[in-house]
Amino acid sequence: MKLSSATLAACLIAKAAAAGGVAPQDVSFAEDGAVAVSLSGMAGDPAAGARIMTTRGKGNCIACHAVTTLADAPFHGEVGPALDGAADRWEEAQLRGIVADSKKTFEGSVMPSFYKTTGYIRPGKGYTGRAAEADPMAPLLSAQEIEDVVAYLMTLKD
Amino acid sequence: MTRTRRRNALWAFAAAACVVATSAGADENARLVVNGEIEMVTRTAAPAHLNGALPDIRSGWTFRTTETQALQIDDFDNPGMIFVDKAMDAWNSVEGSEGKSCSACHGNPMESMKGVRAVYPKWNEAAGEVRTLVMQINDCRVKRMGAKPWKYTGADMAAMEALISVPSRGMAVNVAIDGPAAETWAKGKEIYYTRYGQLELSCANCHEQNYDNMIRADHLSQGQINGFPVYRLKNTKLNTAHARFKGCVRDTRAETFKPGSDEFIALELYVASRGNGLSVEAPSVRN
C-alpha cells in the first residue's frame, strides 16, 4: 500500500500524540497566546535548538531576528526584534506559544506559525511552487524541534 | 569620452569610500543619472491611492550596494543593454506568415515606443481587458505578423520588453487605475495584501512593512517594478516582473500563480501603480 503524504502526516501527528505530546490541532493556547505544557512531552535540547534557529531548512529564526550568541552563523535579519534577553522578558510558556503560533500572542504578526498544519491560503509543497498534497500538512517544525528552540531561547538572559 | 572617464573614476572613488563606510553599502540618497543625461527619479512622494501606506516611494536602485548602483549609470556598463541590442535585431527581423517585422509598422522604436512602457499595464478597449506589455507584444506577433507568441517570461520576450522600455527611461511611471482598469487594480491590491502559503506572507509583509530591513542576507526593497525587466547579477539575465512574482509567491511556501495569469496581470497593474511617479528604468541592474 502506498502511503499518501496526508496519511503520513496524520501518522506522524498521531505518533507525536501517542508519545505524550500534543498534536498541532490540539494545542491549547491561553488567552495571551501562551502554551503551558511541552508539545513533545519532553524537555528541549538547547544545543539542537541553536542549530534549528540557524538552519535555512528548519527554523531559520535568524533570518528575521538577531541573536548575539549565534553570531557565528552569518546574516542576522532585522524583520523581528533581536532575541537577546528573551528569557528575561518572557516566561517559557509564552515563548512556546510564540514559536508555535505567534499570531496568538501578536495579532497580525509577520512571523510564520511553526506548529500549525491547516488553514493556509494556497499552501505549497515546500518551495516547489506546486500545490501541497497533504491537508493537514506537516508543521514547519516538529513538536520536539519547537521544544528545542524554546529551550535555547530560555538560555538568552542578559 | 574624457568626461565619461572622469565620471567613472569619480564613481570608483565613491564606491571605495562607501565600502569603507558601511559594508551593507546602500546609498539611498545617491542620484541616478544614466549616460550623464537621463535623470531618474529614484525617490519621490507616494501616489495618493496609497493613503499613507508608504512615506515615500523608492526605486529598488536605492537599496542596492554602491557597486551595483554604478552598473546602471552608464549603458556601456549595464549588462542588460546586451539584450536590448539583441531585441533590436529581432525588432528588424521579418517573422511569421505576414512577412512583417516590428519595424514594418512601428519604424524606429526609440521614436515610436516613447512613453509606452510608462503606462503599461493598460486597459485595451477593443479587447475589453487590461493588457500587459508582454500581452501586447504577443498580440502583435500573432495577429499582425502571423508569428508564434513568445513564452511569457522567456529571453526573447524579456529582451523585447527591455527594448521597448528604453525610449521611456526617465519618464514617470503613470499607469491608470481608474475607469475600466479599476476592477483589475482592486483585484491586484487584494492579492498584494493576501498572506499566501505556509509562511503566510503577503507582498506587503516584506515590501511595505519591512522594506529597508535585512531578511537574512537580503536587503528588502519596496518591490517596485519600475526597473523591470531587470538584469540580475544573481542569474546574469533579464528577469521579468511575472517571473519575480512567481518566485516570491513560491518562497512563501505557496502554490504560486502562473506568469501571464489573471492574478499576475492584476498584481502587475497594482504594483506598477505603487510606483507611479518613479522613473522607468528598464533595463535596470540589481543583485
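Residues numbered from 1 in each chain as written. Chains lettered and ligands numbered in written order. Predicted model: local features only at pLDDT ≥ 70, side-chain atom pairs only at ≥ 80, totals over all residues. Heavy atoms only, no water.

Draft legend 1. Broad picture of the interface of chain A and chain B. If you look at the interface, chain A gives 37 residues, while chain B gives 25 residues. Of the roughly 2600 Å² buried between chain A and chain B, counting both surfaces, carbon and sulfur atoms make up 52%. Among the residues of chain A in contact with chain B, A:Val110, A:Arg122 and A:Tyr127 are the three that bury the most area, contributing 28% of the side total. One can count two salt bridges joining chain A with chain B. Notably, a salt bridge pairs A:Lys103 with B:Glu200, separated by 2.9 Å at the nearest N-O pair. Between chain A and chain B we count 17 residue pairs in polar contact (both at pLDDT 80 or more) in total. Here the side of chain A that touches chain B is composed, by residue class, of 19 nonpolar, 12 polar and six charged. (Contact = heavy atoms within 4.5 Å. Buried area = accessible area lost by both parts, 1.4 Å probe. Salt bridge = Lys/Arg side-chain N within 4 Å of Asp/Glu carboxyl O. Polar contact = N/O pair within 3.5 Å; in protein donor to acceptor, adjacent residues only side chain to side chain. Nonpolar A, V, L, I, M, F, W, Y, C, P; charged D, E, K, R; others polar.)

Draft legend 2. Geometry of the pattern of salt bridges. One pass over the structure, following the stated rule, counts 20 salt bridges over all chains. Here the salt bridges do not stand alone but share partners, grouping B:Glu129, B:Arg131, B:Asp139 and B:Lys143 into one network.

Draft legend 3. Broad picture of the side chain of A:Glu145. Residues and elements named next belong to chain A. By the secondary structure assignment, Glu145 is in helix α5 (residues 143-153). Reaching out from Glu145, the side chain makes a polar contact with the backbone nitrogen of Ser142 at a distance of 2.8 Å. In contact with Glu145, other than residues within four places in its own chain, are Ile52 and Lys58. (Helix = DSSP H or I, 4+ residues; strand = E, 2+ residues; numbered from the N terminus.)

Draft legend 4. Summary view of the packing of helix α4 (residues 92-101) of chain A against α5(A). Residue and element names in this part refer to chain A. Where α4 contacts α5, the two axes come as close as 9 Å, and the packing angle between them is 130°. Here α4 lies oblique to α5, going by the angle between them. Between α4 and α5 the crossing geometry is right-handed. Residue-level inspection shows Glu92, Leu95, Arg96, Val99 and Ala100 of α4 in contact with α5, the latter providing Ile146, Glu147, Val149, Val150 and Leu153. Here the contact of α4 with α5 is built from residues that sort into seven nonpolar, no polar and three charged. (Axes fitted to C-alpha atoms, helices over the stretch in contact; angles between N-to-C directions. Parallel < 35°, antiparallel > 145°, perpendicular 65-115°, else oblique. Left-handed = near helix turned anticlockwise from the far one by under 90°.)

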